[in-house]
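Now for the letters of each chain:
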Amino acid sequence: MPGFRIAVLASGRGSNLQALLRAIDAGQLPARIVGVFSDKPKCGAIAIARDHGLHTVALKPRDYADRAAHDEALFSAVADVQPDLIVCAGYLRIISDATVRRFEDRMINLHPSLLPRHPGLDTHARVLAAGETEHGASVHAVIPALDAGPVLAQVRLDVGTGDTPESLAERLSPREHALLVACTTAIAGGRARLAGGRWLFDGQALDQPLRLDNRDQLQRETAHA
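Sequence order as written defines residue numbering, which begins from 1 separately in each chain. The predicted nature of this model means local features are confined to residues of pLDDT at least 70 and side-chain atom pairs, given and counted, to a pLDDT of 80 or more, with totals for whole chains, interfaces and linings taken over all residues. The basis for every side-chain value is the complete set of non-hydrogen atoms in the structure, without hydrogens or water.

Colleague: What is the right way to look at the overall build of the protein in this model?
Modeller: A count of helices and strands for the protein gives six helices and twelve strands. Radius of gyration means the value over C-alpha atoms here, while the globule rule gives 2.2 Å times the residue count to the 0.38 power. Compactness check: the protein gives a C-alpha radius of gyration of 17 Å against a globular reference of 17 Å for 225 residues, within 12% of the reference. Taking the principal axes of its C-alpha atoms as reference, the protein extends roughly 45 × 40 × 35 Å. A simple rule labels every residue: compare its accessible area, found with a 1.4 Å probe on the protein chains alone, to the largest value its type can have, and call it buried under 20%, exposed over 50%, or partly exposed in between. Taking all 225 residues of the protein together, 51% fall into the buried category. Pairs at least 24 residues apart make up 60% of the contacts formed inside the protein by residues separated by at least 6 positions. When the accessible surface of the protein is totalled, it reaches about 10,700 Å², and 49% of it is carbon and sulfur. In the protein, 25 positive and 26 negative side-chain charges are present, and the distance between their average locations comes to 3 Å. Numbering of helices and strands runs from the N terminus; a helix is a DSSP stretch of H or I covering at least four residues, while a strand is a stretch of E covering at least two. In what follows, a contact means two residues having at least one pair of non-hydrogen atoms within 4.5 Å. Areas reported here follow the Shrake-Rupley algorithm with a probe of radius 1.4 Å; residue values treat only the protein chains shown as occluding. Positive charges are assigned to Lys and Arg, negative charges to Asp and Glu, while His and the chain termini are left out of the count. For charged residues, the charge sits on one atom: NZ in Lys, CZ in Arg, CG in Asp, CD in Glu.

Colleague: Sorry, what's going on with the packing of aromatic side chains here?
Modeller: Remark: the centre distance and the inter-plane angle together describe each pair of aromatic rings, the angle taken between the planes. Any pair of Phe, Tyr and Trp rings, taking the six-membered ring for Trp, is counted once the centres come within 6.5 Å. Such a pair is stacked with planes under 30 degrees apart, edge-to-face with planes over 60 apart, and tilted for the rest. Tallying each qualifying case throughout the model produces one aromatic pair. On the numbers, 5.8 Å between centres and 45° between planes, the contact of Phe-75 with Phe-103 is tilted. Here the residue Phe-75 occupies a position in helix α3 (residues 67–80), and Phe-103 occupies one in the loop between α4 (97–102) and β5 (107–111), the gap between them amounting to 28 residues. A relative accessible area of 0% means that Phe-75 is categorised as buried. Accessibility expressed as a relative area gives 2% for Phe-103, which makes it buried.

Colleague: Is there a simple way to explain helix α2 (residues 44–51) in this structure?
Modeller: Helical periodicity: at 3.6 residues per turn, an α-helix aligns residues three or four positions apart in one direction. Along α2, the residues that are buried comprise Ala-45, Ile-46, Ile-48 and Ala-49. Down the axis, α2 shows its buried residues gathered within 160° of arc, on one side only. Set apart from the buried face of α2 by more than 90 degrees, the exposed residues are Arg-50 and Asp-51. Buried residues belonging to α2 abut α1 (15–25), β2 (32–38) and β3 (56–58). One or two residues past the end of α2 sits Gly-53, with phi positive at roughly 70°. To obtain the arc, one takes the directions from the helix axis to the C-beta atoms.

Colleague: Would you mind going over the packing of α1 against helix α6 (residues 165–188) with me for this structure?
Modeller: Two packed helices can be described by the angle between their axes and the distance between those axes. Only C-alpha atoms enter the line fits that serve as axes; for helices the fit covers just the stretch in contact. Angles between N-to-C directions range over 0 to 180 degrees. Taken N-terminus to C-terminus, the directions of α1 and α6 make an angle of 50°; their axes are 9 Å apart at the nearest point. When the axis of α1 is compared with that of α6, the two are oblique. Considering the relative orientation of α1 and α6, their crossing is right-handed. Residues Ser-15, Asn-16, Ala-19, Leu-20, Arg-22 and Ala-23 of α1 lie in contact with α6, whose contacting residues are His-177, Leu-180, Val-181 and Thr-184. Each residue is assigned to one of three groups, with Ala, Val, Leu, Ile, Met, Phe, Trp, Tyr, Cys and Pro labelled nonpolar, Asp, Glu, Lys and Arg labelled charged, and all others, Gly among them, labelled polar. Of the residues contributing to the contact of α1 with α6, the split by class is five nonpolar, four polar and one charged. Any angle that falls under 35 degrees is termed roughly parallel, while one over 145 is termed roughly antiparallel, one within 65 to 115 roughly perpendicular, and all others oblique. Note on convention: near helix rotated counterclockwise from far helix by under a right angle means a left-handed crossing. Clockwise means right-handed.

Colleague: Help me understand the packing of α1 against α2, please; the structure alone is not making it clear to me.
Modeller: With their axes 8 Å apart at the nearest point, α1 and α2 run at an angle of 25° to one another. Put simply, α1 runs roughly parallel to α2. For the pair α1 and α2, contact is made by Leu-17, Gln-18 and Leu-21 and by Ala-45, Ile-48 and Ala-49, respectively. Taken together, the residues of the contact of α1 with α2 sort by class into five nonpolar, one polar and no charged.

Shown next as C-alpha cells:
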C-alpha cells in the first residue's frame, strides 16, 4: 500500500475525485486517498467515496455558528487522517485564514482559469465576456488570499468563436482532470514540492508554472502564447 496519504475536499459531482481514483487504480498515482471531506453530505463526491469504501466526513455549514466553527470541525477531521497532501477538488467554500495556515504547504486547489486571470467563480463566462482567445485551468498552492497561491502547473485551451460557458466547461473538464492527476502524481512522487513560497520541480525553482502537454506530461514553459 503506497505510503503517501491524500485527503480530498469536494462539494460537487466528484469528477475530479473519480479521476484521482482511476489514476491510483491504474498505478499512475503512487498514493492512497485516506478521506473525502465535504460541506454537502448529499454531493456526488461523497457518494463516489462511499461506493469505494473510503472514509467520509460531510458537515453542513448551517449546523455551525460561523465559518470558523465549521472549518474547525471539518478540518480537525481532516487532520485526524494525517494527510501528506490535501487536494481541493471542487470544494466551493472559502477556507478561513487560520485553517489555511494550519495546513500551510500541504494544500492544493484546482481552479478553472489561467491564474492570475479570473480568480473566483464563473470563470468560463468571464473569459468569454472579456473576449479572450485562450482559457485553461491551474493547480496552485492554497494561501489565505483567494486563488492567489503559487501556481504549480496549467493546461491551456483555445476559445472557439461559438463557445458558450457550458461548452467551455465541457471541453475543459477532461483537461482539468489530467492536470490534477499529473500535479498530484508529481507531488506524491517527490518531483514537486513547496519551499519558501515557491514550487520546486525536479529540485529546481519554477519561475513560471509548468505546462501540461498533449501527452499529459508536465513540461517547463518556454514561452507564453
